[in-house]
Amino acid sequence: MSDEFTARTLESLPIGAAIVDEDRTRITSNAAWEEFLDTTGVDPSVERTVTNYLGTLATSHHEPPTDPDASDALAITLTLPYHASDDDRTHRLRIEPFVHDGDWYASLSVADRESPGWSRSQLKERAMDEAPVGITISDYTVPDNPLIYANAAFERITGYDVTAVLGRNCRFLQGETTDPESVARFREAIDDNESTTVELLNEHKDGDRFWNAVTLAPLRDRTGTVTNWVGFQQDVTARTEAERALSTERDQYALLNQIVRHDIRNDATVIRGWGSQLRDDVSGENAEALDRIMDAATHTLELTEAVRDLATIVSTEDPTLEPVALADILGTEFQRVRSNFAYQADSLSLQVDGALPDVEVLATPLLSSVFTNLLDNAVFHNDADEIRITVSVDVGETVRVHIADNGPGISDDRKEEVFDQGEQGLRSSGSGLGLYLVDQLLERFGGGVRLADNEPRGTVVTVELQRA
């Protein structure tokens, strides 16, 4: 087959196409490819994504595959950089690697914008591109889990141009000071196909270090197989360094309260808002991954309230206790749980054993935070397919509220430790502030809290309060 025939065949294609080698040299391309570059304004350096991916393949394979079918299985589709306000600059780039005379090459082609599902895909990507947190998506079906999407916020946070990171594994952000144990937590979560959140000391493109709060969640196909990983990145350097610089616990809480209430709360609200809009476009196993993301955003919002309340009690020496109607507090909290976790309504059961008694207890308005944290814990740290929470109240000389769940339970040697500042449950990746806040508030109310095993599994949390 002659070179002339090959060139004429390439020119006959209705879509833009090109062939690039490992050194980022364009071997050939058709007129449609040149027109694509000219009319869209996409920088020709987008071809560097091919070099990125071929480099990824070269490091993950000792030798190039000789089987053509093996090369076909390595093809990936990337989302070219674009401006969310301009759909005409959004394009799909198909990279199909192949081997010739022992060297890696790749053919590039631009996806047909008229293909079914294009508009819906565009809407989702615009939502992600406008998000204030860094978002990446990787392809878990090919070697080394390379990135196939990164949004503008990721570029702002890391300093890396999108075309410089597509086709590469995200480990390029790690440096000599990155904690190996934190990285190992990511590897373990990926091996177990579970979502996780870790703070890493990463390196900016210019070499500066920054603290990156990274959340990873798996995306599955209809068979339940993990095909992609979605990552969320947030630069929390200012918060982390400020916390370390403060010398007193009270100052730490005050600054953390300001950061959390403003920055993190705003970002978590945005994530929940976009997540709600995407819900109708997500189905099957991907809906489960979206639920995990919504869980994380909801948890973050509740944590901001916990930090605010903790800062309040730390700055108050002797709070004035007053009669508080327990039924009103519990009723409001039940409504809040059902509203916040409406996307889990099919798997969440919150019941009251008997009627809530008409009784008042000695507390402050912060009593609601006690039940906010306990009820949220019963949901967030529950590994059962059907989450069941039962609340009952005993009235005597004191008032006892029992919150029973069917989660994994807490071992006897941990039942007291979990209330210490910064302590986390065995399945928790949170801050450990929630139960510490519960313990501190109840101590100031003249009450207490204890844990017991539920039957056949789970935990019963008993809150004891002074009767007014």
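Residues numbered from 1 in each chain as written. Predicted model: local features only at pLDDT ≥ 70, side-chain atom pairs only at ≥ 80, totals over all residues. Heavy atoms only, no water.

Caption draft 1: Spotlight on the overall build of the chain. Within the chain, the regular secondary structure consists of 14 helices and 17 strands. Taking all 468 residues of the chain together, the buried fraction comes to 47%. In the chain, the proportion of contacts linking residues at least 24 apart, taken out of those at least 6 apart, comes to 60%. By element, 45% of the accessible surface of the chain is carried by carbon and sulfur atoms, the whole surface being about 23300 Å². (Helix = DSSP H or I, 4+ residues; strand = E, 2+ residues; numbered from the N terminus. Buried < 20%, exposed > 50% of the residue type's maximum accessible area, 1.4 Å probe, protein only. Contact = heavy atoms within 4.5 Å. Areas by Shrake-Rupley, 256 points an atom, 1.4 Å probe, with all protein chains shown as cover.)

Caption draft 2: Focus on the sheet that holds strand β4 (residues 92-100). Spatially, 5 strands are ordered β2-β1-β5-β4-β3 in an open sheet, and the strand pairing comes out antiparallel. Edge strands, defined here as strands with exactly one partner in the open sheet, are β2 (26-29) and β3 (76-79). Within this sheet the neighbouring strands show an average axis-to-axis angle of 25 degrees, counted without direction. By the bridge criterion, 5 bridges tie strand β1 (residues 17-21) to strand β5 (residues 103-110) in an arrangement that is antiparallel. Its bridge partner lying in β5, Ile 19 is registered against Ser 107. (Pairing = 2+ DSSP bridges. Axes fitted to C-alpha atoms, helices over the stretch in contact; angles between N-to-C directions.)

Caption draft 3: Examining the environment of Glu 416 more closely. The topology assignment puts Glu 416 in the loop between β15 (398-405) and α14 (433-444). Taking relative accessible area as the criterion, Glu 416 reaches 69% and is therefore assigned exposed. Sequence separation between Glu 416 and Leu 451 is 35 residues; the distance between their C-alpha atoms is 8.1 Å.

Caption draft 4: Structural view of unusual backbone geometry. Cis geometry marks the peptide bond from Glu 455 to Pro 456, where omega comes out at 5 degrees. Located in the positive-phi region is Asn 145, a residue other than glycine, with phi close to 50 degrees. Note on placement: Asn 145 falls in the loop between β6 (134-139) and β7 (147-150). With phi around 55 degrees, Asn 193 is a residue other than glycine that occupies positive phi space. Following the sequence through the fold, Asn 193 ends up in the loop between α8 (180-191) and β8 (196-203). We classify Asn 193 as partly exposed; its relative accessible area is 26%.

Caption draft 5: Highlighting the confidence of the model for the chain. For the chain, mean pLDDT is 80; residues scoring 70 or higher make up 78% of the total. Segment residues 116-120: pLDDT under 50, and 7 contacts once partners within four positions in sequence are set aside and those in other chains are kept. pLDDT under 50 marks residues 424-431. Its contacts with residues more than four places away, or in other chains, come to 15 contacts. (pLDDT = per-residue confidence, 0-100.)

Caption draft 6: The arrangement of helix α3 (residues 48-60) in detail. End to end, α3 covers 19 Å across 13 residues, agreeing with the expected 18 Å (1.5 Å per residue, within 8%). Listing the buried residues of α3 in full gives Thr 49, Val 50, Asn 52, Tyr 53, Leu 54, Thr 56 and Leu 57. Looking at the buried side of α3, the elements it contacts are β1, β3, β4, β5 and α7 (162-165). (Expected span 1.5 Å × (residues − 1).)

Caption draft 7: Examining the side chain of Thr 136 more closely. Take Thr 136: it is sitting in strand β6. By relative accessible area, Thr 136 is classed as buried at 4%. In this structure the side chain of Thr 136 is engaged in a polar contact, spanning 3.3 Å, whose partner is the side chain of Gln 233. (Polar contact = N/O pair within 3.5 Å; in protein donor to acceptor, adjacent residues only side chain to side chain.)

Caption draft 8: Region of the structure containing the environment of Trp 274. Topologically, Trp 274 is positioned in helix α10 (residues 249-278). Taking the relative accessible area as the measure of exposure, Trp 274 reaches 25% and is therefore partly exposed. Placed 147 residues apart in sequence, Trp 274 and Ala 127 show a C-alpha to C-alpha distance of 6.7 Å. When neighbours within four sequence positions are excluded, Trp 274 is seen to be in contact with Ala 127 and Glu 130.

Caption draft 9: Geometry of the sheet that holds strand β14 (residues 387-395). Taken together, 5 strands build an open sheet; the order of strands is β12-β14-β15-β17-β16 and the sheet is mixed. Here the strands that pair on one side only, and so sit at the sheet edges, are β12 (348-352) and β16 (448-453). Each neighbouring strand pair of the sheet contributes to a mean axis angle of 15 degrees, computed without reference to strand direction. Taken together, the 7 bridges between β14 and β15 define a ladder with antiparallel strand orientation. Counterpart to Ile 389 in the pairing with β15 is Asp 405. Sheet strands in contact with helix α12 (residues 326-340) are β12, β14, β15 and β17 (459-466), and its direction is about 170 degrees off that of β12.

Caption draft 10: Molecular detail of helix α13 (residues 367-380). Between its first and last C-alpha, α13 extends 20 Å over 14 residues, near the 20 Å set by a 1.5 Å rise per residue. Most of α13 sits out of view: 12 of its 14 residues are buried. Within the sequence span of α13, burial applies to Leu 367, Ser 369, Val 370, Phe 371, Thr 372, Asn 373, Leu 374, Leu 375, Asp 376, Ala 378, Val 379 and Phe 380.

Caption draft 11: The packing of aromatic side chains, seen in detail. In this structure the tally under the stated criterion is 3 aromatic pairs. A ring pair is formed by Phe 98 and Tyr 105, whose centres lie 5.8 Å apart and whose planes are at 15 degrees; its orientation type is stacked. Relative accessible area serves as the criterion here: at 29%, Phe 98 is assigned to the partly exposed category. Residues Tyr 140 and Trp 229 carry aromatic rings whose centres are separated by 6.1 Å and whose planes lie at 85 degrees to one another, so their mutual orientation is edge-to-face. You can see Tyr 140 sitting in the loop between β6 and β7 and its partner Trp 229 sitting in strand β10 (residues 226-235), a full 89 residues away along the chain. On the basis of relative accessibility, which here comes to 30%, the residue Tyr 140 falls in the partly exposed class. Judged by its relative accessible area of 3%, Trp 229 is buried. The residue whose ring lies beneath Arg 168 is Phe 172, and the NZ or CZ to ring-centre distance is 4.5 Å. (Phe/Tyr/Trp six-rings, centres within 6.5 Å; stacked < 30°, edge-to-face > 60°. Lys NZ or Arg CZ within 6 Å of the ring centre and 35° of its normal.)

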